[in-house]
Amino acid sequence: MIALDHIALAAATLSEGVDYVMARSGVTVPFGGAHPGRGTHNALTATGGGTYLEIIAPDPEQDEPETPRLFDLDATTTRAALMGGPRVQTYLLRTDDIERDMAIFREHGFDLGDSVTAARGDLRWKIALRPDGKLNAQGVVPVLLQWPEGPHVSESMDNQGFALHRLEIRTPLADELTSLYRALGLVDDRIKVIPAATPAIIATYQTPDGKLAVLGD
C-alpha cells in the first residue's frame, strides 16, 4: 500500500504559516503539537481522502536540536526562501512497509536515509530521514513514512471541509519521478508531475465555500 499522506508547508514561524493559509483560503489551521528533540512544531488540518496539511516551523520553545530539523528547515537556502513567505517544502507518502519502499527509492537513485522513529505527544511513527536532514531534489521527491495500524491520523484532526484538489510537482526530474511512482504503485489523480527547469510544489485546495486556494505559488 502506498498513498499520498500529507503536504508540508514550511514557514519561518508557525504563526506566519497559519496567517498565510488563512489569507489565501479563509481556513484557520489549529495547532498540532511539538516534535521534542527535533526543534519543530506544527499546525494541522484534514484535507480529505486520508490526507492532511501540515504547517511546520522551528519551535522557539525548544533548544537547538542535535540533529538537523525536518524537511531541510536548517538549510541556508530554505531560511532565505522563507524570508519571502511560507512555501510548500515537500510532500509525504505513507506505506505499510517502509523498508520495502525505501529500497525502491534507492533503485531509482534516491537515497532517503534511514528509517527512524518520530513522535508527537503519544503518537509514534516511522519516517525515512537522511542524517543531514536534506530533502531529495529540493523536495520534489517525496518523503516516506509509516503510521501504526489503525485509523489514519487525519480522522482525529480538525476538519473544516478544506480539501486537496491538485498537487503539482514541477521538476526537471519528471521522467524519473513518474518512473518511481509507477514502481511504488502510487495512483492518485490529484498528483500531477510537470516537466520544469526550476523545482516547485504547488498545492491547490477547495475551500469550504467552494472556491480554490493555491498554496506555494
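Computed from a predicted structure; not experimentally measured.

1. What to know about the overall build of the protein chain
The secondary structure content of the protein chain amounts to four helices and twelve strands. Considering the protein chain as a whole, with its 217 residues, one finds that 51% of them fall into the buried category. Relative to all contacts within the protein chain whose residues are 6 or more apart in sequence, the contacts with residues 24 or more apart total 68%. With an accessible surface of roughly 10,000 Å², the protein chain has 50% of that area assigned to carbon and sulfur atoms. Here the protein chain contributes 19 positively and 30 negatively charged side chains, and the mean placements of these two sets differ by 4 Å.

2. What about helix 3 (residues 98-107)?
Three or four residues apart is the spacing at which side chains of an α-helix point the same way, because the helix has 3.6 residues per turn. Burial in helix 3 covers these residues: Ile-98, Asp-101, Met-102, Ile-104 and Phe-105. Viewed end-on, helix 3 has its buried residues packed into an arc of 155°, placing them on one side of the element.

3. Quick notes on the sheet that holds strand 12 (residues 212-215)
The strand order across the open sheet formed by four strands is 10-9-11-12, and the pairing between neighbours is mixed. Each of the sheet's edge strands pairs with one partner strand only, and the pair in question is strand 10 (191-195) and strand 12. Averaged over all pairs of adjacent strands, the angle between strand axes in this sheet comes to 20°, irrespective of strand direction. Where strand 9 (residues 163-171) meets strand 10, five bridges bridge the pair, whose relative direction is parallel. Among the inter-strand pairings, Arg-170 is bridged to a residue of strand 10, identified as Ile-194.

4. Comments concerning empty space enclosed by the protein
By the definition in use, this model includes two cavities of 30 Å³ or more. Reported here for the largest cavity is a volume of approximately 140 Å³. Considering the residues around the largest cavity, the lining is formed by 16 residues, among which His-6, His-35, Tyr-52, Glu-54 and Trp-125 are closest to the centre. Among the secondary structure elements, those contributing two or more residues to the lining of the largest cavity are strand 3 (40-46), strand 4 (52-58) and strand 7 (123-129). Looking at the lining of the largest cavity residue by residue, the class counts come to eleven nonpolar, three polar and two charged. For the second largest cavity, the calculated volume is near 120 Å³. Lining the second largest cavity are Phe-71, Leu-112, Ala-128, Leu-129, Arg-130, Gly-133, Lys-134, Leu-135, Asn-136, Val-141, Pro-142 and Val-143. Along the lines of polarity and charge, the residues of the lining of the second largest cavity split into eight nonpolar, two polar and two charged.

5. Here's the deal with the packing of helix 3 against helix 4 (residues 174-184)
Between helix 3 and helix 4, whose axes approach to 10 Å, the crossing angle comes to 150°. With respect to their mutual orientation, helix 3 and helix 4 come out roughly antiparallel. At the point where helix 3 passes helix 4, the crossing takes the right-handed sense. Seen from helix 3, the contacting residues are Asp-101, Ile-104 and Phe-105; seen from helix 4, they are Leu-180, Ala-183 and Leu-184.

6. Some thoughts on unusual backbone geometry
Unusually for a residue other than glycine, Asp-72 sits at a positive phi of about 65°. Along the polypeptide, Asp-72 turns up in the loop between strand 4 and helix 2 (76-82). Exposure remark for Asp-72: the relative accessible area of 15% places this residue in the buried category.

7. Digging into the nonpolar core
Among the nonpolar cores identified, the biggest contains 41 residues, and Ile-7, Val-21, Leu-53, Tyr-91, Leu-144, Leu-167 and Ile-169 are the most heavily contacted of them. Mapped onto this core, the elements with two or more residues apiece are strand 1 (2-10), helix 1 (14-25), strand 4, strand 5 (87-95), helix 3, strand 9, helix 4 and strand 11 (200-206). Ala-10, Ile-127, Leu-135 and Trp-147 belong to the second largest nonpolar core, which has 21 residues in total.

8. A closer look at a negative patch on the surface
Together, Asp-97, Glu-99, Asp-111 and Asp-114 make up a region of like negative charge exposed at the surface. Looking at where Asp-97 falls in the secondary structure, it is placed in the loop between strand 5 and helix 3.

9. As for the side chain of Glu-54
Along the chain, Glu-54 turns up in strand 4. Residue contacts for Glu-54: discarding those within four places in its chain leaves His-6, Ile-7, Ala-8, Leu-9, His-35, Asn-42, Ala-43, Leu-44 and Phe-71.

10. Regarding the pattern of salt bridges
Enumeration over the complete set of coordinates arrives at eleven salt bridges. The shortest N-O distance in the salt bridge between Asp-74 and Arg-79 comes to 3.3 Å. A relative accessible area of 25% means that Asp-74 is categorised as partly exposed. Notably, a salt bridge pairs Asp-101 with Arg-100, separated by 3.1 Å at the nearest N-O pair. A relative accessible area of 1% places Asp-101 in the buried class. Each member of the salt-bridge network shares a partner with another, and the members are Glu-64, Arg-69, Asp-74 and Arg-79.

Calculation criteria
- Residues numbered from 1 in each chain as written.
- Predicted model: local features only at pLDDT ≥ 70, side-chain atom pairs only at ≥ 80, totals over all residues.
- Heavy atoms only, no water.
- Helix = DSSP H or I, 4+ residues; strand = E, 2+ residues; numbered from the N terminus.
- Buried < 20%, exposed > 50% of the residue type's maximum accessible area, 1.4 Å probe, protein only.
- Contact = heavy atoms within 4.5 Å.
- Areas by Shrake-Rupley, 256 points an atom, 1.4 Å probe, with all protein chains shown as cover.
- Lys, Arg positive; Asp, Glu negative; His and termini not counted.
- Charge placed at Lys NZ, Arg CZ, Asp CG, Glu CD.
- Arc of directions from axis to C-beta.
- Pairing = 2+ DSSP bridges.
- Axes fitted to C-alpha atoms, helices over the stretch in contact; angles between N-to-C directions.
- 1 Å grid on protein atoms, 1.4 Å probe; cavity = no way out; pocket = protein on both sides within 12 Å on 5 of 7 lines; lining within 4 Å.
- Points joined across faces, edges and corners; volume = space filled by probe spheres on them.
- Nonpolar A, V, L, I, M, F, W, Y, C, P; charged D, E, K, R; others polar.
- Parallel < 35°, antiparallel > 145°, perpendicular 65-115°, else oblique.
- Left-handed = near helix turned anticlockwise from the far one by under 90°.
- Core = buried A, V, L, I, M, F, W, Y, C linked by side-chain atoms within 4.5 Å.
- Patch = residues over 30% accessible without salt bridge, like charges linked within 9 Å, V, L, I, M, F, W, Y side chains within 5 Å.
- Salt bridge = Lys/Arg side-chain N within 4 Å of Asp/Glu carboxyl O.

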